[in-house]
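# Structural overview for review
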Amino acid sequence: MASLRNLLSRLVLLGAFVSPSMACETFDPPPEGSLVGVTNGIMAREPDAPIVLALSETFERGSLRFKLVRAVMDADRNLLDEQSPPLPDEFRDTIVVAYDDKRPGDPEASFGGTVDVKGRFVTITPDKALGYAVPYLLLIEPGLKDLAGNVTIPRQRLPFSYALPAGGSTVFPTGYYYFLINVELLSTQIQAYVYMEVDPDTGIWRANFTNGNRLPALNSRPGCPSCSGSAPICALIPTPRCVAPSLKQEALEEFWDFLPEREPPDGYYFIANGFAKDQADGNIAVGTVPFLIDITIGTGAVRITAENTTMAAIFEPKNGRWVGSGSINSEVVKINGFGEDPTKGTVAAWSLTQDEVNQIEAFGYPIPTDLEWP
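Summarised in this report is the structure supplied together with it.

What counts, and where the lines are drawn
Numbering of residues starts from 1 in every chain and runs along the sequence as written. The predicted origin of the model limits local features to residues at a pLDDT of at least 70 and limits the giving and counting of side-chain atom pairs to 80 or more, whereas totals for whole chains, interfaces and linings rest on all residues. Only heavy atoms go into the side-chain values, all of them from the structure, while hydrogens and water stay out. To qualify as a helix, a DSSP run of H or I must reach at least 4 residues; to qualify as a strand, a run of E must reach at least 2; elements of each kind are numbered from the N terminus. As defined here, a cavity is a set of points on a 1 Å grid over the protein atoms alone where a 1.4 Å probe fits but cannot get out. A pocket is an open set with protein on both sides within 12 Å along at least five of seven lines, and residues line them when an atom is within 4 Å of a point. Grid points are joined across faces, edges and corners, and a volume is the space filled by probe spheres set on the points. Think of it in three bands: with a 1.4 Å probe and only protein chains considered, a residue is buried below 20% of the maximum accessible area for its type, exposed above 50%, and partly exposed in between. Regarding the arc, it is the one traced by the directions from the helix axis to the C-beta atoms. Whether two residues are in contact is decided by their heavy atoms, any of which lying within 4.5 Å being enough. Any residue with relative accessible area above 30% and no salt bridge may belong to a patch, with like charges joined within 9 Å and the nonpolar Val, Leu, Ile, Met, Phe, Trp and Tyr side chains within 5 Å. Each accessible area is a Shrake-Rupley result for a 1.4 Å probe, and residues are judged covered by the shown protein chains and nothing else. We define a salt bridge as a contact between a side-chain nitrogen of Lys or Arg and a carboxyl oxygen of Asp or Glu at a distance within 4 Å. In this description, strands pair whenever DSSP reports at least two bridges between them. Angles here are taken between N-to-C directions and fall from 0 to 180 degrees, while the axes themselves are lines fitted to C-alpha atoms, restricted in helices to the stretch in contact. In this text, buried Ala, Val, Leu, Ile, Met, Phe, Trp, Tyr and Cys residues form a nonpolar core when linked through side-chain atoms within 4.5 Å. Stacked, tilted and edge-to-face pairs are distinguished by plane angle, under 30 degrees for stacked and over 60 for edge-to-face with tilted covering the rest, among Phe, Tyr and Trp rings (Trp via its six-membered ring) whose centres lie within 6.5 Å. Sulfur atoms of two cysteines make up a disulfide when they are within 2.5 Å.

## Re unusual backbone geometry
Glycine aside, residues mostly have negative phi, and peptide bonds are mostly found in the trans state. The peptide bond linking S84 to P85 adopts the cis configuration, its omega dihedral lying at 0 degrees. With respect to the helices, strands and loops of the structure, P85 is situated in the loop between β5 (65-70) and α3 (88-93). A cis amide bond links P264 to the next residue, P265, at an omega of 15 degrees. If you trace the backbone, P265 turns up in the loop between β16 (259-260) and β17 (269-278). Located in the positive-phi region is N319, a residue other than glycine, with phi close to 50 degrees. Positionally, N319 belongs in the loop between β20 (302-318) and β21 (321-335). Its identity is not glycine, yet N336 carries a phi of approximately 50 degrees, on the positive side.

Set out below in structure tokens:
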């Protein structure tokens, strides 16, 4: 809300300096895209149904380029080809469908499905059905032009995923996990140690998500430099250094630099319910029923509520762990009771071994396992 007010104030101030002739001009934006059937990032259609891209106006044929990709991003929400240095080969592996309106028959530019353009609507039918709980992005590449010659400059991102409708028999284990959640609202990052109980017959699970923080107890670890001042906490991953407690986590491997903290003013926890279901490819789809995040943090007692929150992820076995990636969506987010906007974000997670749990808890901060509401 504050950022919106600041933007409006700047626009009003700018208007005071606009000449009368400029004020009478009409701004004609380039085409913008939206996905039919998507509400707050959740696709209402089934994964095997065509995807329909609706553009805000008719576009100049030959100017449309898009890619439908799995949303593999770093902590700053950069895709693999947007990182420094970029990873073009790895990014190509995430592409499900690519289309270039200038090169529709070129297998290097257009592949993975069929595309039908009618006016301002583009129907995309992937060769293979998409998956439940997988975060996707439809990327409209720069250069899309309307009939008046107005051209898009930045890449447009249209995120979506398919909510898992129900659970089933699963090998997803009861145990400890670590979740890294990046939310668009205020560029918030949530680190959470999670204890989850799973019914292997029905896939129904219940979990305690406990806040992870960079705490002074970590400074006692071998290899830590002396830390104080504005960077008072030792971090060992990826290299030993002193950091501010608020420094964002870049990779799941950095969970060693966080401890579970449940109690206020800086700690919190929330409970979620969901379901898991084994997939034919050996992966596991994991989803939640809508749940409420209602937490109070900081000495200033800032209360954050996220209503009708859902998470969905695909977990796959890697190097002895279950490693997941997915999305999170909240219909309404309020700060101290104010606000009504939705938000969305990405989720990365993996399972923890009992030895890792023992090492973390040796600092005197146990990972809570009770599954009662706060």
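## Re the layout of surface pockets
Sizing a probe to match a water molecule and rolling it over the atoms shows the empty space that remains. If you add up the space inside the largest pocket, you get close to 1,100 Å³. In this structure, the largest pocket is lined by 35 residues; those nearest its centre are V72, V323, G324, S325 and A348. Those elements giving two or more residues to the lining of the largest pocket turn out to be β11 (175-183), β20, β21 and β22 (338-351). Per element, the largest residue contribution to the lining of the largest pocket is five residues, and it comes from β21.

## Let's talk about empty space enclosed by the protein
Using the criterion set out here, one finds two cavities of 30 Å³ or more in the structure. In this structure, the largest cavity encloses a volume near 120 Å³. For the largest cavity, the lining is made up of 17 residues, of which P135, P159, F160, S327 and G345 are closest to its centre. Of all the secondary-structure elements, those providing two or more residues to the lining of the largest cavity are β9 (136-140), β10 (156-160), β21 and β22.

## A short note on helix α4 (residues 354-361)
Within α4, the full set of buried residues consists of E356, V357 and I360. Along the axis of α4, the buried residues cluster in a sector spanning 100 degrees; they form a single face. If you follow the buried residues of α4, they end up packed against β11, β12 (188-198), β16, β21 and β22.

## Regarding the side chain of N329
Mapping N329 onto the fold places it in strand β21. Apart from residues no more than four positions distant in its own chain, N329 is found in contact with N40, G41, I42, N308, T309, T310, T343 and K344.

## Here we look at a nonpolar patch on the surface
Residues L185, L186, V302 and I335 make up a contiguous nonpolar surface patch of roughly 300 Å² in combined accessible area. For L186, a relative accessible area of 62% translates into the label exposed.

## What to know about the sheet that holds strand β1 (residues 33-35)
The four strands are arranged β1-β4-β8-β7 in an open sheet whose pairing can be described as antiparallel. Two strands lie at the open edges of the sheet, namely β1 and β7 (113-118), each paired on one side alone. Adjacent strand axes in the sheet meet at a mean angle of 20 degrees when their direction is disregarded. The pairing of β1 with strand β4 (residues 51-55) spans three bridges and is antiparallel. By the bridge assignment, L35 is partnered in β4 with L53.

## Some points on the nonpolar core
Core analysis: the biggest nonpolar cluster contains 31 residues, and F172, F179, F209 and F315 have the highest contact counts within it. Per-element accounting of this core gives the leading share, five residues, to β12. In this structure, F179 is in contact with I190, Q191, A192, V194, F209, F315, V347, A348 and A349, ignoring residues within four places of it in sequence.

## Points about the packing of aromatic side chains
The geometry of an aromatic ring pair is captured by the separation of the ring centres together with the interplanar angle, meaning the angle of the planes. Inspection of the entire model under this criterion finds 17 aromatic pairs. Aromatic side chains F255 and W350 sit 6.1 Å apart centroid to centroid with 85 degrees between the ring planes, which places their arrangement in the edge-to-face category. Here F255, found in the loop between β15 (241-243) and β16, pairs with W350, found in strand β22; they are 95 residues apart in sequence, far enough to count as distant. Owing to a relative accessible area of 1%, F255 belongs among the buried residues under this scheme. W350 gets classed as buried once you look at its relative accessible area, which sits at 10%. In textbook terms, an aromatic cluster arises when at least three aromatic residues are bridged by ring pairs, as seen for F172, Y177, F179, F209, F270, F291, F315 and W322.

## A look at the sheet that holds β9
Strands belonging to one sheet form pairs held by backbone hydrogen bonds; the direction of such a pair is parallel or antiparallel. With antiparallel pairing, the four strands of this open sheet are ordered in space as β6-β5-β9-β10. Two strands lie at the open edges of the sheet, namely β6 (95-100) and β10, each paired on one side alone. Within the sheet, the average angular offset between the axes of one strand and its neighbour, ignoring direction, is 15 degrees. Here β9 runs beside β10; their pairing, made up of five bridges, is antiparallel. Within β10, the residue paired with L139 across the bridge is R157.

## What about the state of the cysteines?
Overall, the coordinates contain two disulfides when judged by the stated rule. At a sulfur-sulfur separation of 1.9 Å, the disulfide partner of C224 is C234. Taking the sign of the S-S torsion, about -80 degrees here, the bridge from C224 to C234 comes out left-handed. Of this pair, C224 sits in the loop between β13 (204-213) and β14 (233-235) while C234 sits in strand β14, and the two are ten residues apart along the sequence. Assigned by exposure class, C224 and C234 land together as buried. The disulfide that involves C227 links it to C242, with 2.0 Å between the sulfurs. Since a negative S-S torsion denotes a left-handed disulfide, the C227-C242 link at about -80 degrees is left-handed.

Function-wise, these values are silent; they only describe arrangement.
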